[in-house]
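Here is how the chains run, residue by residue.
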Amino acid sequence: MTLNQLSIKNLSFSYDNKVFAVEDVNIEVKRGKYVTIIGHNGSGKSTVAKLIIGLMEAQQGEIIVDGERLTPENVYEIREKIAIVFQNPDNQFIGSTVRDDIAFGLENAMVNPEDMNAIIEKYAGRVGMLDYLEHEPTKLSGGQKQRVAIAGALALHPEILVLDEATSMLDPKGRDEVNNLVHELHHKNDMTIISITHDIEEVTMSDYVFVMSDGKVVMEGTPQEVLEKSDILVDLQLDIPFSVKFYEALRKQGIHVSSKFELERMVDELCQ
C-alpha cells in the first residue's frame, strides 16, 4: 500500500494554450490526511481539483492515485475512488427530495435498489440530515444543502473526498456546520480529505497546507508553519485567522502569551 494516496507531479494546464492556469505543481497527499489548498481567486486551486478527478486532462505532468497514473483510459476507474463536492450545492441537486438526490449517485453507480434505502439513511444520518429525507433540497439552508451534497458523496464510499470551495457561498453558521462536519468525518473515519478553499479558518483544522498563487505552489507546511508567515499570506491577498491577529495585537501592546493559534488558550492565559 502506497504511503502517498495522491501524488501530483510537475502538473501544468492552460485553458487557452497561452497562459498557464496551473504551472509545475507538485503536491503529495498521504493516506488519511486532511489537506487544504488555499489561494486567492484565480490562483489555480480549483483547476487542480478538476484535474484530480479527470474533468480535464493535464497538458504536462501526472496525477497518481494509489500508485496508478490517471489517464483517459482509466479515468472512470480512478473516479470510483474520489468524490467531489462543489461550491454551489444548488447546481448538484437532481432529485425532488433529499432521499432522491442521494439515490441519484447510487443509481449511477448501479447499486442494488434493495440496498439503497439502508445506504441513504446511513449517510443522511452521518451528516445529521436523517429527518430531512423527504424535504425538497432547494428549501434547505445553505449549510443543510452542503450536508446533503456531502452525504451523496459519502454514499459512494470514496477513498478521497475533494471539497472545491464547498463553504464559500455559505453564511458563517453554514460554514461552521460544514467545517465541523468535515473535521468529524476526518477524525472518525480516517478519510483522506482535500479541501480547496480560501477560508483561512479552515486551514487551522487541517494536517497540511499548500498555498497557491498565479498557478504555482508558493508555500507549504503544517498550519502552524504557514500561519506563522502572516506577512506573506497578506501579500498573497489571503486573510489570517482572528486568533493570529489577536496574538499580534497583544504582542504590540507588550503582552506575551504562548498560544498563538487557539483563542481560548490565549484567553485562559490572560485570565491566570
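Here's a quick rundown of the structure.

A few words on the packing of helix 5 (residues 142-154) against helix 6 (residues 172-189). Their axes nearest at 8 Å, the elements helix 5 and helix 6 cross at an angle of 25°. In this view, helix 5 runs roughly parallel relative to helix 6, as classed from their interaxial angle. Read as a crossing pair, helix 5 and helix 6 show a hand that is right-handed. Together, Gly143, Gln144, Gln146, Arg147, Ile150 and Leu154 of helix 5 and Gly174, Glu177, Val178, Leu181, Val182 and Leu185 of helix 6 make up the contact between the two elements. Per-class residue counts for the contact of helix 5 with helix 6 are six nonpolar, four polar and two charged.

Spatially, six strands are ordered 6-7-8-3-9-10 in an open sheet, and the strand pairing comes out mixed. The open sheet terminates on both sides in strands that have one partner only, identified here as strand 6 (82-85) and strand 10 (216-221). When the angles between neighbouring strand axes are averaged without regard to direction, this sheet yields 20°. Relative to strand 9 (residues 208-213), strand 3 (residues 34-39) runs parallel, the two being bridged by five bridges. Directly across from isoleucine 38, in strand 9, lies its bridge partner valine 211. Strands in contact with helix 5 are strand 6 and strand 7 (160-164); relative to strand 6, the strand with the most contacts, it is inclined by about 170°.

This part is about the pairing of strand 1 (residues 4-14). Of all 11 residues in strand 1, eight are buried; the element is thus mostly enclosed. When strand 1 meets strand 2 (residues 20-30), the two strands line up antiparallel, connected through seven bridges. Among the inter-strand pairings, isoleucine 8 is bridged to a residue of strand 2, identified as isoleucine 27. Two successive antiparallel strands, strand 1 and strand 2, enclose a turn made up of five residues, where asparagine 17 displays a positive phi of approximately 60°. The pairing of strand 1 with strand 4 (residues 60-65) spans five bridges and is classified as antiparallel. Directly across from leucine 6, in strand 4, lies its bridge partner valine 65.

We now examine helix 5. A rise of 1.5 Å per residue sets the reference length of helix 5, with its 13 residues, at 18 Å; its end C-alpha atoms lie 18 Å apart and thus fit the reference within 8%. Of all the 13 residues making up helix 5, 11 are buried; the element is thus mostly covered by neighbouring parts of the structure. If you check which residues of helix 5 are buried, you get Gly143, Gln144, Lys145, Gln146, Arg147, Val148, Ala149, Ile150, Ala151, Ala153 and Leu154. In the core, the buried residues of helix 5 are packed alongside strand 6, helix 3 (98-108), helix 4 (113-126), strand 7 and helix 6.

This part takes up the sheet that holds strand 5 (residues 68-69). Overall, antiparallel pairing links the four strands, which are arranged 2-1-4-5 in an open sheet. Either end of the sheet is taken by a strand with one partner, and the two such strands are strand 2 and strand 5. Here helix 1 (residues 45-52) sits on the sheet in contact with strand 1, strand 2 and strand 4, set at roughly 115° to strand 1.

Below, the discussion takes up helix 6. Residues lying three or four places apart along an α-helix face the same way, a consequence of the helix completing one turn every 3.6 residues. Between the first and last C-alpha of helix 6 there are 25 Å, a value that for 18 residues agrees with the 26 Å anticipated at 1.5 Å per step. Among the residues of helix 6, those classed as buried are Gly174, Glu177, Val178, Asn179, Leu181, Val182, Leu185 and His186. Among the structural elements, strand 3, helix 4, helix 5, strand 7, strand 8 (192-197) and helix 7 (200-203) are those in contact with the buried residues of helix 6. With its phi angle positive at about 55°, aspartate 190 sits one or two positions after the end of helix 6.

Moving on, we get to the side chain of asparagine 74. Assignment of secondary structure puts asparagine 74 in the loop between strand 5 and helix 2 (75-79). Residue asparagine 74 is classed as buried on the basis of its relative accessible area, which comes to 9%.

Moving on: the packing of aromatic side chains. The way to describe two aromatic rings as a pair is by their centre distance and the angle between their planes. Applying the stated criterion across every chain, the model contains two aromatic pairs. Ring centres of phenylalanine 13 and tyrosine 15 lie 4.9 Å apart, and the angle between their planes is 90°; on these two criteria the pair is classed as edge-to-face.

The next point concerns the layout of surface pockets. Counted as a void, the largest pocket has a volume near 990 Å³. Around the largest pocket, the lining comprises 33 residues; the ones closest to its centre are Ala83, Ile84, Gly105, Asn108 and Leu156. For the lining of the largest pocket, the secondary structure elements donating two or more residues are helix 2, strand 6, helix 3 and helix 5. Here the lining of the largest pocket gets six residues from one element, more than from any other, and that element is helix 3. Tallied by class, the residues present in the lining of the largest pocket amount to 22 nonpolar, six polar and five charged.

Cut-offs and rules
- Residues numbered from 1 in each chain as written.
- Predicted model: local features only at pLDDT ≥ 70, side-chain atom pairs only at ≥ 80, totals over all residues.
- Heavy atoms only, no water.
- Axes fitted to C-alpha atoms, helices over the stretch in contact; angles between N-to-C directions.
- Helix = DSSP H or I, 4+ residues; strand = E, 2+ residues; numbered from the N terminus.
- Parallel < 35°, antiparallel > 145°, perpendicular 65-115°, else oblique.
- Left-handed = near helix turned anticlockwise from the far one by under 90°.
- Contact = heavy atoms within 4.5 Å.
- Nonpolar A, V, L, I, M, F, W, Y, C, P; charged D, E, K, R; others polar.
- Pairing = 2+ DSSP bridges.
- Buried < 20%, exposed > 50% of the residue type's maximum accessible area, 1.4 Å probe, protein only.
- Expected span 1.5 Å × (residues − 1).
- Phe/Tyr/Trp six-rings, centres within 6.5 Å; stacked < 30°, edge-to-face > 60°.
- 1 Å grid on protein atoms, 1.4 Å probe; cavity = no way out; pocket = protein on both sides within 12 Å on 5 of 7 lines; lining within 4 Å.
- Points joined across faces, edges and corners; volume = space filled by probe spheres on them.

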